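Listed below are the residues making up each chain.
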Amino acid sequence: TLLRPDISKEDVVRVCEEATQNKFRSVVVMPQYVKLAKSLLNGNSKVVSVIDFPMGGSSTLNRILQAKEATGDGADEIDVPLNVSCLKSGQDNLIKKDLEDLIVASKVSVKVIIEVSLLSKEEIQRACNLVVESGAAYLKTNTGTTGSVKKEDVEFIREIVRTNIKVKAAGGIKTFGDAMVMFDVGADLIGTSSALNIVKGSMPVTYLSGSIYNVPKDEASGWRKDVMK
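Read on for a plain summary of the structure. Only a predicted model underlies this, so the values are computations on that prediction, with no experimental measurement involved.

Note on soluble globular proteins: their nonpolar side chains tend to be buried together. Ranked by size, the top nonpolar core spans 49 residues in total, and within it Leu-82, Ile-114, Ile-124, Val-131 and Ile-157 carry the most contacts. With near-sequence residues (within four places) excluded, Ile-157 lies in contact with Ile-114, Val-116, Ile-124, Cys-128, Leu-139, Thr-141, Arg-162 and Val-167. Listed in part, the nine residues of the second largest apolar core include Val-149, Val-154, Ala-179 and Val-185.

Next up, the structure:
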């Protein structure tokens, strides 16, 4: 994920190279970089664009226009925030209609971000139900701008949605351990700006030091080379 406001074209090139080298599922970029990412990735990873990000307060028409522009530029998927203000105002029907219209118009997989860091348990439950009913491909936990996702958040969401929708955990996932916790409690995907750190954390470490106990020197002469295999 590369969604900071201070990124440069060079950052996009670097992240796309990292995604290709490490076989990452997708690269998530702002709409202005969709064309560039598409050309660089060349089908090796999906290009995901965020729209109406991170506030989610635009009109349905505006959101649809953003989605159509992003997919026209080559976005394979769209990540879009649910309107949290409408949720807190009890405008559930408005939210559902907005999401349904957006999903139909987008013609690609849509992940709806509910921003669990701002919601009560009752609001999370309503948001989950609305996203499932809308026909979205994924329910995403956070934009990463208001707080970090917690293990308990994903557990609660999975309890509500069961197997009716896939879940993407995002926000503050920085290590291999963080990622494994989210997968263990039911996440299907994770969103992170620390993908390389997570990959490095998953690799086994071999310490080549000390002597080999009770092994004759002539039998142990090539042990370093054997271990490195």
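Moving on, we get to the packing of helix α3 (residues 60–72) against helix α5 (residues 92–106). Orientation of α3 relative to α5, taken along the N-to-C sense of each, is 25°, at an axis distance of 9 Å. The pairing of α3 with α5 is recorded here as roughly parallel in orientation. Crossing of α3 against α5: the hand is right-handed. Contacts between α3 and α5 involve Thr-60, Arg-63, Ile-64, Ala-67, Lys-68 and Thr-71 from the former and Asp-98, Leu-99, Asp-101, Leu-102, Ala-105 and Ser-106 from the latter. Residues belonging to the contact of α3 with α5 are distributed by class as follows: five nonpolar, three polar and four charged.

This paragraph deals with helix α2 (residues 34–41). Buried residues of α2: Val-34, Leu-36, Ala-37 and Leu-41, and no others. Buried positions in α2, seen along its axis, are confined to an arc of 160° and lie on one side of it. Across α2 from its buried face, at more than 90 degrees, point the exposed residues Lys-35 and Ser-39. Those residues of α2 that are buried lie in contact with α1 (9–22), β1 (26–29), β2 (46–50) and α3. At the C-terminal side of α2, Asn-42 shows a positive phi close to 50°.

Thresholds applied
Residues numbered from 1 in each chain as written. Predicted model: local features only at pLDDT ≥ 70, side-chain atom pairs only at ≥ 80, totals over all residues. Heavy atoms only, no water. Core = buried A, V, L, I, M, F, W, Y, C linked by side-chain atoms within 4.5 Å. Buried < 20%, exposed > 50% of the residue type's maximum accessible area, 1.4 Å probe, protein only. Contact = heavy atoms within 4.5 Å. Axes fitted to C-alpha atoms, helices over the stretch in contact; angles between N-to-C directions. Helix = DSSP H or I, 4+ residues; strand = E, 2+ residues; numbered from the N terminus. Parallel < 35°, antiparallel > 145°, perpendicular 65-115°, else oblique. Left-handed = near helix turned anticlockwise from the far one by under 90°. Nonpolar A, V, L, I, M, F, W, Y, C, P; charged D, E, K, R; others polar. Arc of directions from axis to C-beta.

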